[in-house]
Amino acid sequence: MDQRHRVQRAVSDPKVRQVGFFAPNPNPISDFPSRSSPPLAGSPSNATSSSPVIIIPPPPPPAARNHPALSHLVVGSYDAASESLLGSSSRLPSSPPYSARGFVVDGEFSEESWPQRSNSAKFASSFPSGGFNLTAARAVITPEGDASPAVISANEKNEVSAVEAKNERTESSKPEKAKLTKSERRALQESQRAAKAAAKGEGNKPSAGAAPCGPGKASKQPAQKKDTASAAPSSALLERKGSDRLPEKDRKKDVPAPRMQFDDKSRVEKAKRRAVVNQTEARNRVELFRHLPQYEHGTQLPDLESKFFQLDPMHSAVYKVGLQYLSGELTGGNARCIAMLQAFQEAIKDYVTPPEKTLSRDLTARVSSYVSFLNECRPLSISMGNAIRFVKNRIAKMQITLSESEAKASICSDIDRFISEKIILADQVIVKHAATKIRDGDVLLTYGTSCVVEMILLHAHEVGKKFRVVVVDSRPKLEGQRLLRRLVTKGLSCTYTHINGVSYIMHEVSKVFLGAASVLSNGTVYSRVGTASVAMVASSFRVPVLICCEAYKFHERVQLDSICFNELGDPDAVSKVYGRLDVNYLDDWGNKENLQLLNLMYDVTPSDYVSMILTDYGMVPPTSVPVIVREYRKDQLWM
Amino acid sequence: MPDVQSLVNEFILKLKKRKIEGSQATARQTAVLLRSVISQQRIPYTSQAAALIDAVRAVGEQLIAANPIELAVGNIVRRVLHIIREEDLSLTTAAIEGLNVSSVSDDDGDTDKDDTPGLSAAALAAAARSTLRPPSLQTLLEDLPDSSAIPHTSSSGGDSDGKSKSADKSTRSRKLKHDVIEAINELIQDIDTCHDQIAEQAVEHIHHNEVILTLGSSKTVLEFLCAAKEKKRSFRVFVAEGAPRYQGHLLAKELVARGLQTTLITDSAVFAMISRVNMVIVGAHVVMANGGVIAPVGLNMVALAAQRHAVPFVVLAGCHKLCPLYPHNPEVLLNELRSPSELLDFGEFSDCMDFGYGTGTPLLHVVNPTFDYVPPKLVSLFITETGGHDPSYMYRLIADYYSADDLVLQRKVASVK
């Protein structure tokens with residue numbers, strides 16, 4: 001036994017990779033035996049670390065503990081054991097033994113089977129607290145010898161190299177790990193390739209039987225999350241590996257479907273026939289934004305209101321939310337998302353499965369119709385897309401054995417959990433993190449209204465920090481005025497200016513806090529229009545820019561400019577200047593065909609303007625976003 | 001000359017109340033006022049130039065003090081001073097030449113008169129520089145009064161300068177004033193026509209299917225764009241509205257009236273749109289000697305965005321906007337805060353504006369600056385009447401228009417600047 005451990009240590013070091021800002025792990029793994037007999041990922045004993053984000057190599061499958069035989073797995077054993085596991089993705093009790101992952105002897109691998117991710121996800125998310133210290137073969141981190149994962153891990157390596165150094169100090173075994181020779185590495189890769197081929201062969205089976213997760217288990221999570229929300233990220237991270245192993249079919253499915261392009265006439269026609277909301281095309285459409293919906297604003301409202309009692313397929317709660325979107329009553333990413341989810345809950349509660357249909361299929365279709373209705377009312381935000389994906393996933397993965405009422409209750413509780421964990425608790429965690437970044441005497445600049453930033457400012461004020469706030473605002477929404485009023489009422493000292501004055505005021509600012517509608521996986525921040533300008537000016541004045549964004553808003557999409565995807569607001573709002581009767585040059589702009597008014601809603605902030613992103617997973621640099629996205633996506637799908 | 005003084009006072013009042021909008025209008029009115037000051041000024045027989053300079057300087061100090069932010073006033077005062085010096089110089093040199101040719105006749109004055117209007121300010125300056133420049137340094141060293149320096153230096157040209165002076169003193173006294181007024185008329189004309197001269201160059205800079213972004217409104221920009229349109233260039237214009245004055249709405253309206261494809265965007269969308277823009281063309285409030293620009297608020301943001309996307313940032317500026325001073329902390333010292341009412345409705349926020357909460361200071365401040373400073377590194381090109389120039393060349397261009405002796409008009413003002 002001892003001998004084996006030593007061998008393992010040489011190649012497969014336990015590796016705790018941490019990203020972002022964290023305290024050194026107070027409880028490093030020093031207990032070898034517990035590692036080799038596959039330890040539970042982040043078992044409670046070493047879960048005390050306060051680090052917000054930790055990237056951890058894939059854990060040995062927890063299940064292996066139940067199959068001690070596997071821990072003997074040695075030498076070149078990606079074979080029978082692991083292969084037999086390939087099909088065993090489902091975590092149903094009847095499932096065959098799990099593969100062991102991360103055992104490397106003499107450069108040979110036992111390649112764990114990809115379905116593992118379901119397990120690790122479940123495990124990770126059910127751990128009570130943050131700091132997972134997982135052990136695994138470092139070599140396994142570059143699975144399959146494929147280029148893409150390797151690149152990713154290289155990236156991470158850069159980011160965390162400092163962290164690693166720290167860990168190396170705490171973990172004596174570390175230095176040895178780097179001692180893979182070239183030939184060993186090659187052997188390793190080869191074995192991985194072989195494993196991949198094997199996995200491919202069996203790939204389809206597990207994808208079909210993807211494991212649903214019992215509601216009971218899932219519902220444990222909220223309480224645990226409270227301890228430290230950092231648990232989630234690491235759990236997500238655990239799956240990085242799993243996601244690399246997606247069989248081709250799944251991988252394709254993961255690529256988001258291309259968005260509707262509104263310059264495609266035939267598709268627009270088709271969509272119109274289906275549409276609930278009667279839209280009239282806007283006058284003087286902006287040529288550059290033909291691909292986005294440009295409709296008259298406000299004209300649909302009376303029509304829809306009159307149809308309120310006729311719309312059979314639409315649930316009244318959903319309908320109400322749709323009208324609120326349309327009228328602009330409900331704004332703000334979180335508020336819109338919560339309202340939508342709650343409307344879905346209502347609708348699901350009232351849902352009755354029609355005869356000869358299955359709940360999971362029919363309800364999914366129903367939800368899709370709701371979503372398309374809401375999308376007509378106002379294009380959905382990216383965060384809402386993520387939430388919808390979650391709901392649909394929960395429905396699709398519902399166990400068939402559940403009765404209808406149970407299924408409905410479980411979906412509703414899942415949605416509740418999503419709201420409380422991903423939004424409300426996430427905000428609390430962000431506030432907690434951000435408060436540590438505010439010092440006495442700071443001048444904090446914020447732009448528009450972000451509910452998280454507002455919470456941060458109020459919290460910091462409550463805990464007695466002495467600081468001043470600069471609220472920057474812009475037309476046409478002038479959201480900042482509402483924030484300003486609330487802050488001043490609470491007794492914060494505020495300075496108000498408009499976005500053009502930001503260069504003037506930036507001299508006195510020490511930090512910039514901005515909200516975001518979404519953070520894309522190339523690190524760009526998709527947020528209310530003007531955010532990019534503020535971030536740009538701040539970075540030109542060397543003022544740190546902190547983006548506050550819940551991780552459920554992260555998205556794997558990438559975007560380089562603000563034109564390819566955006567949302568257009570009401571052009572009339574641009575021509576009319578609120579409170580300024582003297583500015584009325586464009587009152588009759590609709591009659592001038594050379595004139596277009598553009599009311600852009602969002603823009604894209606390049607990642608180099610962003611110093612730090614504050615999420616519920618901790619404080620990360622923008623380059624770490626893709627990591628969290630991968631993790632998080634799995635986390636969301638499987639929790 | 002009580003009526004001149006009343007004119008001056010009236011103008012000062014207008015400046016103080018910020019009743020005059022735009023540097024072109026200010027420049028023009030300043031020039032007109034100074035013209036009348038000069039025409040009413042009694043001229044002694046000796047050192048007429050010095051008398052004129054003193055008179056203009058006295059008025060100029062008052063004007064500048066009335067609105068130290070409006071640098072166009074100071075520019076015009078300096079220009080007028082420079083004109084007086086140049087005219088005086090050219091008269092003396094002409095007189096000397098006349099002597100040298102030994103034909104002291106009356107028509108010498110006539111030829112000179114015909115000559116002077118024909119010469120452009122730049123050409124005059126170029127001619128004068130060779131003689132003026134070194135002596136002005138000399139005056140500094142020898143601590144001589146300016147007025148005496150000029151005749152003194154010009155005497156280096158000819159030996160018998162004392163004789164000539166006494167000979168045509170009477171003609172010269174009338175002629176100097178006359179020439180100066182002529183030159184100021186020219187200056188006023190220059191100011192009036194600077195838009196057209198700048199606009200003439202539009203075709204060289206704007207090409208087919210270009211997308212041009214501008215912020216706020218500037219008459220120069222309007223004329224520039226329209227000139228390109230008249231030359232059958234088809235292009236599109238993005239106009240940022242330019243809060244808090246929203247002059248962009250006005251510009252958009254006028255551009256549309258002239259048949260240009262115009263898109264009005266909010267100021268916040270500048271960064272989003274600039275990736276599709278080929279050129280940013282804006283007006284300026286003042287161009288400083290280092291090539292920095294005092295511009296309507298918001299332009300620093302636009303310039304940064306343009307730099308980020310490698311979009312040329314072109315500033316149009318008439319010559320009256322060229323200021324010979326170097327800026328120090330211009331964002332604050334050369335700025336002006338306007339009324340908060342443009343941003344916040346007092347009615348809505350009246351309850352937040354009380355001096356409460358114990359400390360005695362209000363919790364709510366509103367900052368509404370008028371200008372932005374765009375550093376020279378963000379400017380790609382200046383277009384003036386004389387053509388396009390790099391920011392680093394501006395100091396040289398400016399040296400043509402002003403005399404080094406006039407840079408510091410007033411000790412007090414100078415310390416502010």
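In this text the structure is predicted, and so the values were computed from the model without any measurement. (Residues numbered from 1 in each chain as written. Chains lettered and ligands numbered in written order. Predicted model: local features only at pLDDT ≥ 70, side-chain atom pairs only at ≥ 80, totals over all residues. Heavy atoms only, no water.)

(A) Up close: the nonpolar core. Counting 87 residues, the largest nonpolar core has L445 and V512 of chain A together with V280 and F313 of chain B as its most contacted members. The greatest single-element share of this core, amounting to seven residues, is contributed by helix α14 (residues 299-308) of chain B. In this structure F313 of chain B touches V280, V282, L299, V302, A303, A306, V374, L378, V379, S380 and L381 of chain B, once residues within four positions along its chain are discounted. Listed in part, the 44 residues of the second largest apolar core include C337, I395, M398 and F418 of chain A. (Core = buried A, V, L, I, M, F, W, Y, C linked by side-chain atoms within 4.5 Å. Buried < 20%, exposed > 50% of the residue type's maximum accessible area, 1.4 Å probe, protein only. Helix = DSSP H or I, 4+ residues; strand = E, 2+ residues; numbered from the N terminus. Contact = heavy atoms within 4.5 Å.)

(B) Main features of the layout of surface pockets. Residues and elements named next belong to chain B. By volume, the second largest pocket amounts to about 1000 Å³. Surrounding the second largest pocket, 43 residues form its lining, E21, G22, S23, S217 and R245 being those nearest its centre. Elements represented by at least two residues in the lining of the second largest pocket include exactly α1 (2-16), α2 (23-40), α11 (219-230), α12 (247-257) and β4 (279-283). In terms of residue count, α12 provides more of the lining of the second largest pocket than any other element does, four residues in total. When the residues that make up the lining of the second largest pocket are grouped by side-chain class, the tally is 17 nonpolar, 15 polar and eleven charged. (1 Å grid on protein atoms, 1.4 Å probe; cavity = no way out; pocket = protein on both sides within 12 Å on 5 of 7 lines; lining within 4 Å. Points joined across faces, edges and corners; volume = space filled by probe spheres on them. Nonpolar A, V, L, I, M, F, W, Y, C, P; charged D, E, K, R; others polar.)

(C) How the structure looks around the environment of P44 of chain B. With respect to the secondary-structure elements, P44 of chain B resides in the loop between α2 and α3 (48-66). For the pair P44 of chain B and M394 of chain B, spaced 350 residues apart in sequence, the C-alpha separation works out to 38 Å.

(D) Quick look at the pairing of strand β1 (residues 211-215) of chain B. Residue and element names in this part refer to chain B. The buried fraction of β1 is high, at five of five residues. Here β1 shows two buried faces, one formed by V211, L213 and L215 and the other by I212 and T214. Where β1 meets strand β2 (residues 236-240), five bridges bridge the pair, whose relative direction is parallel. Along β2, the bridge assignment pairs T214 with V239. In this fold, the crossover linking β1 to β2 by way of α11 has right-handed handedness. Alignment of β1 against β4, held across two bridges, turns out to be parallel. Its bridge partner lying in β4, I212 is registered against M279. (Pairing = 2+ DSSP bridges. Right-handed = clockwise from strand over helix to strand, strands pointing away.)

(E) Spotlight on the sheet that holds strand β5 (residues 286-287) of chain B. All names here are of chain B. If you trace the three strands from one edge of the open sheet to the other, you get β5-β6-β9, paired in antiparallel fashion. Two strands in the sheet have a free side with no partner beyond their single neighbour: β5 and β9 (371-374). Where β5 and strand β6 (residues 293-296) come together, two bridges link them in antiparallel fashion. Its bridge partner lying in β6, V286 is registered against I294.

(F) Focus on the interface of chain B and chain A. Contacts between the two partners involve 56 residues from chain B, matched on the other side by 60 residues from chain A. Note on chain B versus chain A: buried area summed over both sides is about 5000 Å², and carbon and sulfur give 61% of it. In terms of surface lost to chain A, no three residues of chain B exceed S268, F271 and L363 of chain B, which account for 13% of the buried area on that side. Viewed at the interface, chain A and chain B are joined by three salt bridges. Here D608 of chain A ties to R308 of chain B by a salt bridge, and the two come within 2.7 Å at their closest N and O atoms. For the interface between chain B and chain A, the tally reads 22 residue pairs in polar contact (both at pLDDT 80 or more). (Buried area = accessible area lost by both parts, 1.4 Å probe. Salt bridge = Lys/Arg side-chain N within 4 Å of Asp/Glu carboxyl O. Polar contact = N/O pair within 3.5 Å; in protein donor to acceptor, adjacent residues only side chain to side chain.)

(G) Quick look at the side chain of K592 of chain A. With respect to the helices and strands, K592 of chain A occurs in the loop between α24 (572-575) and β13 (595-598). On the accessibility criterion, K592 of chain A (17% relative accessible area) is buried. A polar atom in the side chain of K592 of chain A sits 3.5 Å from the side chain of D588 of chain A. In contact with K592 of chain A, not counting residues within four places along its chain, are N284 and Y585 of chain A together with K253 and V256 of chain B.

(H) A look at the packing of helix α18 (residues 382-396) of chain A against helix α19 (residues 404-435) of chain A. Residues and elements named next belong to chain A. Their axes nearest at 10 Å, the elements α18 and α19 cross at an angle of 150 degrees. By the angle class used here, α18 and α19 are roughly antiparallel. As for the relative orientation of α18 and α19, their crossing is right-handed in sense. Contacts between α18 and α19 pair A387, F390, V391, R394 and I395 from the former with I411, D414, I415 and F418 from the latter. The residue makeup of the contact of α18 with α19, split by class, is seven nonpolar, no polar and two charged. (Axes fitted to C-alpha atoms, helices over the stretch in contact; angles between N-to-C directions. Parallel < 35°, antiparallel > 145°, perpendicular 65-115°, else oblique. Left-handed = near helix turned anticlockwise from the far one by under 90°.)

(I) Representation of the packing of helix α15 (residues 316-327) of chain A against helix α17 (residues 359-377) of chain A within the structure. All names here are of chain A. One way to put it is that α15 packs onto α17 with a least axis distance of 8 Å and a crossing angle of 20 degrees. As summarised for this structure, α15 and α17 are arranged roughly parallel, according to the angle between their axes. Once α15 is placed against α17, the crossing between them reads as right-handed. For the pair α15 and α17, contact is made by V318, Y319, V321, G322, Y325 and L326 and by Y370, F373, L374 and C377, respectively. Each residue belonging to the contact of α15 with α17 can be placed in one class, and the counts come to nine nonpolar, one polar and no charged.

(J) Up close: the sheet that holds β13 of chain A. Overall, mixed pairing links the eight strands, which are arranged β13(A)-β3(B)-β2(B)-β1(B)-β4(B)-β7(B)-β10(B)-β11(B) in an open sheet. Among the strands making up the open sheet, the edge pair consists of β13 of chain A together with β11 (387-389) of chain B. Across this sheet, the average inter-strand angle for adjacent strands is 25 degrees, counted without regard to direction. Against the sheet, α11 of chain B touches β1, β2, β4, β7 (313-316) and β10 (381-384) of chain B, its axis set at about 135 degrees to β4 of chain B. Contacts between α12 of chain B and the sheet are confined to β13 of chain A together with β1, β2 and β3 (261-265) of chain B, with β3 of chain B contributing the most and set at about 165 degrees to the helix.

(K) Region of the structure containing the packing of aromatic side chains. Residues and elements named next belong to chain A. Across all of its chains, the model carries seven aromatic pairs over all chains by this definition. Arranged with centres 6.1 Å apart and planes meeting at 25 degrees, the rings of F344 and Y370 form a pair that is stacked. Here F344 is found in helix α16 (residues 333-349), whereas its partner Y370 is found in helix α17, with 26 residues between them in sequence. The same class applies to F344 as to Y370, namely buried. Ring centres of F418 and Y552 lie 5.8 Å apart, and the angle between their planes is 80 degrees; this geometry places the pair in the edge-to-face category. Of the two residues, F418 is situated in helix α19 and Y552 in the loop between β11 (545-548) and β12 (554-555); the sequence distance between them amounts to 134 residues. As far as the burial class goes, F418 and Y552 line up, both buried. Three or more aromatic residues link up through ring pairs in this structure, and these residues are F390, F418 and Y552. Positioned over the ring face of Y325 is R336, at 5.2 Å from the centre of the ring. (Phe/Tyr/Trp six-rings, centres within 6.5 Å; stacked < 30°, edge-to-face > 60°. Lys NZ or Arg CZ within 6 Å of the ring centre and 35° of its normal.)

(L) Highlighting the pattern of salt bridges. All names here are of chain B. Applying the stated rule across the entire model yields 24 salt bridges over all chains. A salt bridge links R18 to E336, with the shortest nitrogen-to-oxygen separation between them at 2.4 Å. With R18 in the loop between α1 and α2 and E336 in the loop between α15 (330-333) and α16 (346-349), this residue pair connects regions lying 318 residues apart in the sequence. In this structure R18 comes out as partly exposed when scored by relative accessible area, which is 33%. Where D192 meets R28, a salt bridge forms, and the shortest distance between an N and an O atom there is 2.7 Å. With D192 in helix α9 (residues 169-199) and R28 in helix α2, this pair connects stretches of sequence that are 164 residues apart. Given a relative accessible area of 35%, R28 falls into the partly exposed group. Within the structure, one salt-bridge network assembled from shared partners comprises R57, R85, D405 and D406.

(M) The confidence of the model for chain B, seen in detail. All names here are of chain B. In the predicted model, chain B carries a mean pLDDT of 80, and 77% of its residues have values of at least 70. Contacts of residues 103-119 to residues separated by more than four positions or lying in other chains number 18 contacts, the stretch itself having pLDDT below 50. The model gives residues 412-417 a pLDDT under 50, and that stretch makes nine contacts with residues more than four places away or in other chains. The ipTM, which scores confidence in the relative placement of chains, is 0.81 for this predicted complex, and the corresponding pTM is 0.71. (pLDDT = per-residue confidence, 0-100.)

(N) Representation of unusual backbone geometry within the structure. Following R475 of chain A, the chain continues to P476 of chain A via a peptide bond in cis, the omega torsion being -5 degrees. Along the polypeptide, P476 of chain A turns up in the loop between β6 (467-473) and α21 (480-489). Residue P244 of chain B is bonded to the preceding A243 of chain B through a cis peptide linkage, with omega at 0 degrees. In this fold, P244 of chain B is placed in the loop between β2 and α12.

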